[in-house]
Amino acid sequence: MKKRKILLTILVGAIFLCAIVGGTVYYYLFAPQFHPSRTVYIYVDRDDTADSIFNKIKRSGHIKNFTGFYWMSKYKNFNQNIHTGRYAIRPNDNVYHVYSRFSRGYQEPMNLTIGSVRTIDRLARSIGKQLMIDSIEIARQLFDSTFQSKLGYDSKTIPCLFIPETYQVYWDMSVDDFFQRMQKEHERFWNNERLARATTIGMTPEEVCTLASIVEEETNNNEEKPLVAGLYINRLQKDMPLQADPTIKFALQDFALRRITNENLKVNSPYNTYTNTGLPPGPIRIPTKKGIDSVLNYTKHNYIYMCAKEDFSGTHNFASNYADHMANARKYWKALNERKIFK
């Protein structure tokens, strides 16, 4: 009888001890410890250490108790399992799940936006602000002639590689992964249908891209873009200079100009479409999908002149002869003078 009581006492004690241990483990590892008001993201960079990551997690995760995280880090040797990336901490997350994400590299994808920017250096800066890749790493590749040639471009046509869009990527993607993804998206956009359309109008994808960039600098009005594209194609077919003011701004690298003067038109540049016939050597910005499709599906008409409307609506008056064009131009010049816009 006495022996039975001793065994029962030991059993009760063991159960009680297990309950304490189990409760402690549950509290520190599996009970909700993170309480941000919404999902937050922690970015682990190449030079982060365990301590710097701990500080980032504590600062943003609004953690109730970090003891369990320390336990896991020591037991699992977190210092040897640091993975760069973007990691999520959600309201009511527990330590076990959060630690597992960081130690196993289970990062969250993010949205990378490729914008319709005017210059490649601006593109590099934009990418550098969004990804772990330094903008210098991107620029070094973009301005490398060997790399450009490998992709089938040169220093003037390299903007044609990019299709403005928002893409899901991983924050710590490498430079090589970034360019491979851009090539993949470029090939996806330039499908057989678009390539066939380009062939039909007698242009390469790079020429379409170049013309689309001019169209988009001329107008923000999507409905007007195919009309503007048709006008420039008419000029190309007649071997007339495009006389596109945005190309002068690009040649001067002065995008704030609102009025192009005769002095501006003297700029010695292959982008001066007043003194050179044909298309300039490359895009004057990275055109959007809409801009490219506006060229591929341009409106057929007989217009060869256009002038911004005097109401500054961003749209244009079109003309098929010089007399009508000059009448439109005089109205616009008068409006500029009334607003004292001289440059």
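Residues numbered from 1 in each chain as written. Predicted model: local features only at pLDDT ≥ 70, side-chain atom pairs only at ≥ 80, totals over all residues. Heavy atoms only, no water.

A. A look at the overall build of the protein chain. Regarding its fold elements, the protein chain presents 14 helices and six strands. Against the globule reference of 20 Å for 343 residues, the protein chain gives a C-alpha radius of gyration of 31 Å, more extended than a compact globule. Its C-alpha atoms give the protein chain principal-axis dimensions of about 120 × 45 × 35 Å. Considering only contacts in the protein chain between residues 6 or more positions apart, those separated by 24 or more positions represent 66%. Surface summary for the protein chain: the accessible area is close to 18,700 Å², and the carbon and sulfur share equals 50%. One finds the centroid of the 46 positive side-chain charges in the protein chain at a distance of 10 Å from the centroid of its 34 negative side-chain charges. (Helix = DSSP H or I, 4+ residues; strand = E, 2+ residues; numbered from the N terminus. Rg over C-alpha atoms; globule rule 2.2 N^0.38 Å. Contact = heavy atoms within 4.5 Å. Areas by Shrake-Rupley, 256 points an atom, 1.4 Å probe, with all protein chains shown as cover. Lys, Arg positive; Asp, Glu negative; His and termini not counted. Charge placed at Lys NZ, Arg CZ, Asp CG, Glu CD.)

B. Local environment of the pattern of salt bridges. Per the stated rule, a full pass over the model turns up 13 salt bridges. A salt bridge links Asp 48 to Lys 56, with the nearest nitrogen and oxygen atoms 2.7 Å apart. Exposure class is identical for Asp 48 and Lys 56. Each is buried. A salt bridge links Lys 225 to Glu 216; its shortest N-O distance comes to 2.9 Å. (Salt bridge = Lys/Arg side-chain N within 4 Å of Asp/Glu carboxyl O. Buried < 20%, exposed > 50% of the residue type's maximum accessible area, 1.4 Å probe, protein only.)

C. Main features of the UniProt feature "site: Important for catalytic activity" (unreviewed entry) in the protein chain. Mapped onto this numbering, the UniProt entry gives "site: Important for catalytic activity" (unreviewed entry) at Glu 218. Take Glu 218: it is sitting in helix 10 (residues 205–218). For Glu 218, the residues in contact, after removing those within four places along its chain, are Val 228, Tyr 232, Ala 244, Asp 245, Pro 246, Met 306, Gly 314 and His 316. (UniProt positions renumbered as here; feature names shortened; annotations may be inferred.)

D. Layout of the domain arrangement of the protein chain. Once the domains are mapped, the protein chain shows domain 1 (24–104), domain 2 (110–190) and domain 3 (207–301). Computed from C-alpha atoms alone, the centre-to-centre distance between domain 1 and domain 2 is 32 Å. Counting residues at the interface gives seven residues for domain 1 and five residues for domain 2. Carbon and sulfur atoms supply 60% of the area buried between domain 1 and domain 2, which totals about 580 Å² over both sides. Put simply, domain 1 and domain 2 have one salt bridge between them. Of the charged contacts in the structure, one is a salt bridge between Arg 46 and Glu 137, with a shortest N-O distance of 3.8 Å. Mapped by element, the contributors of at least two residues to the side of domain 1 that touches domain 2 are strand 1 (40–44) and strand 2 (85–89). Along the lines of polarity and charge, the residues of the side of domain 1 that touches domain 2 split into two nonpolar, two polar and three charged. (Domains from an automatic or database assignment. Buried area = accessible area lost by both parts, 1.4 Å probe. Nonpolar A, V, L, I, M, F, W, Y, C, P; charged D, E, K, R; others polar.)

E. Representation of the environment of Ala 212 within the structure. When you line up the elements, Ala 212 lands in helix 10. Measuring from C-alpha to C-alpha, the distance between Ala 212 and Lys 289 comes to 9.2 Å, with 77 residues separating the pair along the chain. Excluding residues that lie within four positions of it along the chain, Ala 212 makes contacts with Pro 287, Gly 291, Ile 292 and Val 295.

F. Just the pairing of strand 2, in detail. For strand 2, a buried count of five out of five residues is recorded, marking the element as mostly surrounded by other parts of the structure. Covered by surrounding structure in strand 2 are Gly 85, Tyr 87 and Ile 89 together with Arg 86 and Ala 88, the residues of both alternating faces. Where strand 1 meets strand 2, five bridges bridge the pair, whose relative direction is antiparallel. Paired with Tyr 43 across the two strands is Arg 86, which belongs to strand 2. (Pairing = 2+ DSSP bridges.)

G. Spotlight on unusual backbone geometry. For His 62, which is not glycine, the phi dihedral falls at a positive 50°. Tracing the backbone shows His 62 in the loop between helix 2 (50–61) and helix 3 (67–75). A positive phi is found at Gln 253, a non-glycine position, where the angle reads about 55°. Here Gln 253 lies in the loop between helix 12 (245–252) and helix 13 (289–296).

H. Here's a closer look at the packing of aromatic side chains. Counted according to the given criterion, the structure contains 20 aromatic pairs. Judged by centre distance (5.7 Å) and plane angle (75°), the ring pair of Phe 54 and Phe 66 falls under edge-to-face. One end of the pair, Phe 54, is in helix 2; the other, Phe 66, is in the loop between helix 2 and helix 3, and twelve residues separate them in sequence. With centroids separated by 5.8 Å and ring planes inclined at 85°, the aromatic side chains of Phe 54 and Phe 69 adopt a geometry described as edge-to-face. With Phe 54 in helix 2 and Phe 69 in helix 3, this residue pair connects regions lying 15 residues apart in the sequence. Like Phe 54, the residue Phe 69 is buried in the burial classification. Site record: aromatic cluster; members linked through ring pairs are Phe 54, Phe 66, Phe 69, Tyr 70, Phe 78 and Tyr 99. Just above the ring of Tyr 41 sits the side chain of Arg 86; from NZ or CZ to the centre is 3.7 Å. For Arg 194, the ring lying beneath its charged end belongs to Phe 189, and the centroid distance is 3.9 Å. (Phe/Tyr/Trp six-rings, centres within 6.5 Å; stacked < 30°, edge-to-face > 60°. Lys NZ or Arg CZ within 6 Å of the ring centre and 35° of its normal.)

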